[in-house]
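An overview of the molecular structure
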Amino acid sequence: MAKKASSSSTGSRPTPAPAPKPFVWTRKDLLGLDELSAEEIRHLLDTAESFREVSTRSIKKVPALRGKVVALLFFEDSTRTRMSFELAASRLSADTIVFTAKGSSVAKGETTLDTVRNIEAMGVDVLVVRHAQPGAPHLLARKVRASIVNAGDGAHEHPTQALLDMFTMRQRLGRIEGLQVAIIGDIAHSRVARSNIIGLKKLGAEVVVVGPPTLVPSAITAMGCRVSHSLDDILGELDVINMLRIQFERFGTNLFPSVREYSRLFGMNADRLGRCRKNVLIMHPGPINRGVELTSDVADGPNSCILQQVTNGLAVRMAVLYLVTQGQP
Amino acid sequence: MKRLLTTQQVQRAIGRLYKAILEAMDDHRLIALIGIRTRGEILAARIVEKLRRERGDLDIHHGVLDITFYRDDLSRRRGVPLVRATEIDFDIDDAFIVLVDDVVHTGRSVRAALDALHDFGRPKIIRLAVLIDRGGRELPIAADLVGRKISAPNSQRVQVKLRETDGEEGVFLLNRF
């Protein structure tokens, strides 16, 4: 009787459930990947996998956060991250309120902590915070009872972006461990780079950061990654190329001689793609400066997963909102 | 932990459940068995396997439901176990659906499962099939197809063990949670 396992003859799907994992999520905040263990990161990615299915239904909504309020506090501008969090919250049936610093009480001189305490007093369960000041979400997490999700704090961390990047790598390449990942561009000012380096190292990938010396501080090697100033030297050994956006609005072109030179040395184009491994993954957190970091044929080509990253971002943010609300200690 | 049913008694209960399901589904054209994770999923998989082997003339769909997001006690529990995806890749509109679970107790998981199914479409009929009906309902929900009835005190938990997840088969009585 016991010799025939049911999985062998019921067809390829649905797969029988393995024994339930003993691991249990207990955090009420997501402040950065720095504080998470590899197991917690994997748990987040696995949970996101389950939420991906919700977005394929005809009714793209589950009642998991019904009756909860998610406040989106964007002290710094953002379009896609805010929309992604907003949609993620509504797919979980939460109510959302949006706060942007422009034209608000911040302009009247109110401190961040006072602003946030006032919003929390309205009965908010989760605060999704973007702030120009590194560590702002960490400060808030100590001072308020609601869950805090870091949606980007200065040049420090942007955990959900790194999670969706890793989720996409795992989806397209089947694993993270052992991958050779290059992060290219303005490493010095990039929270996306920092969170990616931290997360990828924890999950066992090798990271190399690439860019001109003005954008790549040599001390970054303390985070466990290699530094290269020549993209061409390492092209052939990479599994993933994550292009960061050059933030012209912040620094103009003061950090390198010209856009044309940057693009010639560090931009991805058809010629460089031809020298990469055949199934190399091209990523970009957006918004793209077409013709600077990537040429259009690369950005829209088969190796690119830029739009997939956006789609996956939704599942990852649903998983984060769900876990932090359930994880109250 | 006290054993209530032996391996053989569990086998017989599954056999009775199988027969009851087979009898319930005559005349229906679009048939689907949907198991509720985790042990309902295994029971549904076993029953579907047997149906496909013995009744090749029937076209039977097979799905899995994760009801975590629909539970009414989400905010009361501490810690979050891993949520797993729901797998229903067929159209459930106008289907005859047999919802399969291991134990029915308060009826709250079934309520959650009905809500979840509702988000996928409008089945013609939904029947509830459970291996063990242990009584103690808190909602107006009844099992249509039952493998075996057991009466257990409300203060205790009835746990079904299946070899795929637990390495052994049996039904046990546990001091509650």
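Residues numbered from 1 in each chain as written. Chains lettered and ligands numbered in written order. Predicted model: local features only at pLDDT ≥ 70, side-chain atom pairs only at ≥ 80, totals over all residues.

**A look at the sheet that holds strand S5 (residues 180–184) of chain A**
All names here are of chain A. Taken together, 5 strands build an open sheet; the order of strands is S7-S6-S5-S8-S9 and the sheet is parallel. Since the sheet does not close on itself, it has two edges, and those belong to strand S7 (226–228) and strand S9 (281–283), each with one partner. Neighbouring strand axes in the sheet, compared pairwise and without regard to direction, differ in orientation by 20° on average. As judged from the 3 bridges shared by strand S6 (residues 206–210) and S7, these two strands associate in the parallel manner. Counterpart to Val 208 in the pairing with S7 is Arg 226. Across the sheet, helix H6 (residues 159–173) lies against strand S8 (240–243) and S9, angled at about 160° from S9, the strand it touches most. (Pairing = 2+ DSSP bridges. Helix = DSSP H or I, 4+ residues; strand = E, 2+ residues; numbered from the N terminus. Axes fitted to C-alpha atoms, helices over the stretch in contact; angles between N-to-C directions. Contact = placed C-beta atoms within 7 Å.)

**Side note on the environment of Val 124 of chain A**
All names here are of chain A. Here Val 124 shows up in the loop between helix H4 (112–120) and strand S3 (126–131). Classification of Val 124 by C-beta neighbours within 10 Å gives buried; the count is 21. Along the backbone, Val 124 and Ile 97 are 27 residues apart, and their C-alpha atoms lie at a distance of 9.1 Å. (Buried ≥ 20, exposed ≤ 12 C-beta atoms within 10 Å, placed from the backbone.)

**Quick look at the sheet that holds strand S1 (residues 2–5) of chain B**
All names here are of chain B. Pairing is antiparallel across the open sheet formed by 3 strands, whose spatial order is S1-S8-S7. Strands at the two margins of the open sheet, each flanked by one partner only, are S1 and strand S7 (156–161). Pairs of neighbouring strands in the sheet enclose a mean axial angle of 35°, with direction left out of account. Relative to strand S8 (residues 170–175), S7 is paired through 6 bridges, and the arrangement is antiparallel. Its bridge partner lying in S8, Val 158 is registered against Leu 173.

**Remarks on the domain arrangement of chain A**
All names here are of chain A. For chain A, the domain assignment lists domain 1 (38–157 + 312–324) and domain 2 (159–309). Contacts between the two partners involve 19 residues from domain 1 and, on the opposite side, 20 residues from domain 2. Mapped by element, the contributors of at least two residues to the side of domain 1 that touches domain 2 are helix H2 (38–54), strand S4 (147–153) and helix H13 (306–326). Residue classes in the side of domain 1 that touches domain 2 are distributed as 9 nonpolar, 6 polar and 4 charged. (Domains from an automatic or database assignment. Nonpolar A, V, L, I, M, F, W, Y, C, P; charged D, E, K, R; others polar.)

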